[in-house]
Amino acid sequence: MEPAPQYNFIDVLRAPAGALSAKRIFVMTFFLILGLVVYDIFTYIALAIEGERLGNVYSVYGLLPFYKLAFDSIIAQIVFAIGALLGVLAAMMGFFGVGALEVEAIRGHQFFSPFGAIGFSFSRLKQMLLSELAIVVFLLFIVILFAIFGLICRLPVIGDWIYSVFFVFPGFFIAIFTVFIIFVLTLSVVLLPAVAATERHGEAFHAILETFSTIIRQPIRWGLYTLYAAAAAKVFSFVYAYFCYRAVQFIGWAAKIGGGETMDQLIRSGLSHLPLKADIARESFNIFPGIDWGVDLARWARGGTDEAAGHLMAFMLFLIFASVIGYFLATIAVGQVRGYVAIRYIKDEYRLSDEKPLFFEEEPVNPPIDEESLD
């Protein structure tokens, strides 16, 4: 039974426990892998355009080519940028899917399925995409205005005077407003999906309005909620990662009793094909960045073979690893939804928990029979 919202920090405090749900982790992991696949495809296409040997690049980066890649070709830069943006959009769909599960639970529908949440995320892709594009188009409009202003300032003699006179007003005021919009655009990656998940009609304008309203009217409260959710997500995802590590270790030990050393070698073979020394892998099994205390997986990758089954085992182990990141991001998503529900009540006195679920209708009940009519 989902506890009733308290509309304060206590709701966000429960985010790690709320995210520790198979369907929430599944939804977030699904979109995480989808985003990684799209990002990898576009990144390797960009590297191919640059003339790089993909075999050598894959041997270095594997499935996680997140290192600072530099492209000389404009086409390669565009391809890489498209892949990165699509990867971020997939992550936002994951935030939305987890948020939809959480919102339905807050409204009283505890049994919203993960596949229903995934389908709902795809159906609301247009809303999130249009919301982000609307902000980007507005920013481009301001850039065009400044470009036109620059052309006017190129007039001989009076150009420098015009630039100096209008530099502070309206130039500086418009510029600082634009910087704020860029800042909100960055934060909208995690906040806008939570807002959109609570919106019943899929309106892009309403999602943009509530995103800006939340940050403008309650910046400190939203910031504290987000910082806590991120910190708690890191610590609790490490605990989850540790249990995953021990579970895999237990499977290998128990299976080795009947299957011999082959079982242990198969797990080692799978680990040897994964980028265990990558920053994201190392930090996922470390309790907190800057604190060297965690699990060293690299030593377990020794002694493996290059058999085909080892590649399949690598894929299975990768799914377990992806679920660790999925739980981390799901915790942030749940924290965003619960934080927004609290902030919406604080700033507007509106209880989202009083709304009816979108995907559940109570069974119709026959009206009571009037005994007098039977007489």
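In this report, the structure presented in the accompanying data block is examined. (Residues numbered from 1 in each chain as written. Predicted model: local features only at pLDDT ≥ 70, side-chain atom pairs only at ≥ 80, totals over all residues. Heavy atoms only, no water.)

A look at the overall build of the protein chain
No. 1: Broken down by element type, the protein chain carries 15 helices and two strands.
No. 2: Taken along its principal axes, the extent of the C-alpha atoms in the protein chain is 90 × 85 × 35 Å.
No. 3: Taken over 375 residues, the protein chain has a buried fraction of 42%.
No. 4: The long-range share in the protein chain, meaning contacts at least 24 apart out of those at least 6 apart in sequence, stands at 83%.
No. 5: Counting only carbon and sulfur atoms, one obtains 70% of the accessible surface of the protein chain, whose full area is about 21200 Å².
No. 6: Here the protein chain contributes 25 positively and 32 negatively charged side chains, and the mean placements of these two sets differ by 8 Å. (Helix = DSSP H or I, 4+ residues; strand = E, 2+ residues; numbered from the N terminus. Buried < 20%, exposed > 50% of the residue type's maximum accessible area, 1.4 Å probe, protein only. Contact = heavy atoms within 4.5 Å. Areas by Shrake-Rupley, 256 points an atom, 1.4 Å probe, with all protein chains shown as cover. Lys, Arg positive; Asp, Glu negative; His and termini not counted. Charge placed at Lys NZ, Arg CZ, Asp CG, Glu CD.)

Some remarks on the packing of helix α7 (residues 125-152) against helix α10 (residues 204-217)
No. 1: α10 packs onto α7 with a crossing angle of 60° between their chain directions and a minimal axis gap of 8 Å. Taken together, α7 and α10 sit at an angle that is classed as oblique. Crossing angle aside, the handedness with which α7 passes α10 is right-handed. The segment α7 lies against α10, with Q127, L130, S131, A134 and I135 engaging A204, A207, I208 and F212.
No. 2: Here the residues of the contact of α7 with α10 sort into seven nonpolar, two polar and no charged. (Axes fitted to C-alpha atoms, helices over the stretch in contact; angles between N-to-C directions. Parallel < 35°, antiparallel > 145°, perpendicular 65-115°, else oblique. Left-handed = near helix turned anticlockwise from the far one by under 90°. Nonpolar A, V, L, I, M, F, W, Y, C, P; charged D, E, K, R; others polar.)

Quick look at unusual backbone geometry
No. 1: Geometrically, the link from F169 to P170 is a cis peptide bond, its omega value of 10° lying close to zero.
No. 2: Mapping P170 onto the fold places it in helix α9 (residues 167-198).
No. 3: Positioned with a positive phi, Y7 is a non-glycine residue whose angle comes to about 60°.
No. 4: Take Y7: it is sitting in the segment before α1 (9-13).
No. 5: Y7 gets classed as buried once you look at its relative accessible area, which sits at 7%.

A word on the packing of aromatic side chains
No. 1: Within the structure shown, the criterion is met by 23 aromatic pairs.
No. 2: On the numbers, 6.1 Å between centres and 40° between planes, the contact of F250 with W253 is tilted. Separated by three residues within a single helix, F250 and W253 lie in helix α11 (residues 219-259), roughly one turn from each other. Of the two residues examined, F250 and W253, each falls in the exposed class.
No. 3: Feature note: the residues F96, F112, F120 and F359 constitute an aromatic cluster, connected by ring pairs. (Phe/Tyr/Trp six-rings, centres within 6.5 Å; stacked < 30°, edge-to-face > 60°.)

Concerning the side chain of H109
No. 1: Looking at where H109 falls in the secondary structure, it is placed in the loop between α5 (74-106) and α6 (114-123).
No. 2: The exposure class assigned to H109 is buried, which follows from its relative accessible area of 8%.
No. 3: For H109, the side chain forms a polar contact with the main-chain nitrogen of F112, separated by 3.4 Å.
No. 4: Non-local contacts of H109, meaning those with residues more than four positions away in its chain, are made with E104, P357, F359 and F360. (Polar contact = N/O pair within 3.5 Å; in protein donor to acceptor, adjacent residues only side chain to side chain.)

Quick notes on the pattern of salt bridges
No. 1: Summed over all chains, the structure comprises twelve salt bridges.
No. 2: When the shortest N-O distance is used, the salt bridge between R200 and E355 registers 3.5 Å. You can see R200 sitting in the loop between α9 and α10 and its partner E355 sitting in the loop between α14 (308-348) and α15 (371-374), a full 155 residues away along the chain.
No. 3: The exposure class assigned to E355 is buried, which follows from its relative accessible area of 13%.
No. 4: Between D264 and R268 there is a salt bridge, with the nearest N and O atoms lying 2.8 Å from each other. (Salt bridge = Lys/Arg side-chain N within 4 Å of Asp/Glu carboxyl O.)

With respect to the side chain of T198
No. 1: Within the secondary structure layout, T198 lies in helix α9.
No. 2: In terms of polar contacts, T198 uses its side chain to reach the backbone carbonyl oxygen of V195, at 2.7 Å.
No. 3: T198 has contacts with V103, R107, Y340, L352 and E355, leaving out every residue within four places of it along the chain.

Examining the nonpolar core
No. 1: Core analysis: the biggest nonpolar cluster contains 72 residues, and V27, V98, M128, I135, L271, L274 and F285 have the highest contact counts within it.
No. 2: The greatest single-element share of this core, amounting to 16 residues, is contributed by α14.
No. 3: Residue contacts for L274: discarding those within four places in its chain leaves A314, L317 and F318.
No. 4: Within the second largest apolar cluster, eight residues are counted, among which are A46, L47, A76 and V79. (Core = buried A, V, L, I, M, F, W, Y, C linked by side-chain atoms within 4.5 Å.)

Side note on the environment of A333
No. 1: Turning to its location among the elements, A333 is positioned in helix α14.
No. 2: Remark: the alpha-carbon pair of A333 and A15, spanning 318 residues in sequence, is separated by 8.5 Å.

A look at the packing of α7 against α9
No. 1: Closest axis-to-axis distance for the α7/α9 pair is 10 Å, and the angle between their directions is 170°. Classed by the angle they form, the pair α7 and α9 counts as roughly antiparallel. The residues of α9 that touch α7, namely those facing Q127, M128, S131, E132, I135, V136, F138, L139, I142 and F146, are G171, I174, A175, F177, T178, I181, I182, L185, S188, L192, P193 and A196.
No. 2: Looking at the contact of α7 with α9, its residues break down into 16 nonpolar, five polar and one charged.

Let's talk about the pairing of strand β2 (residues 291-294)
No. 1: Pairing analysis gives two bridges linking strand β1 (residues 286-288) to β2, with the strands arranged antiparallel. Paired with F288 across the bridge in β2 is I291.
No. 2: Between β1 and β2, which follow one another and run antiparallel, lie two residues, and G290 among them has a positive phi close to 90°. (Pairing = 2+ DSSP bridges.)

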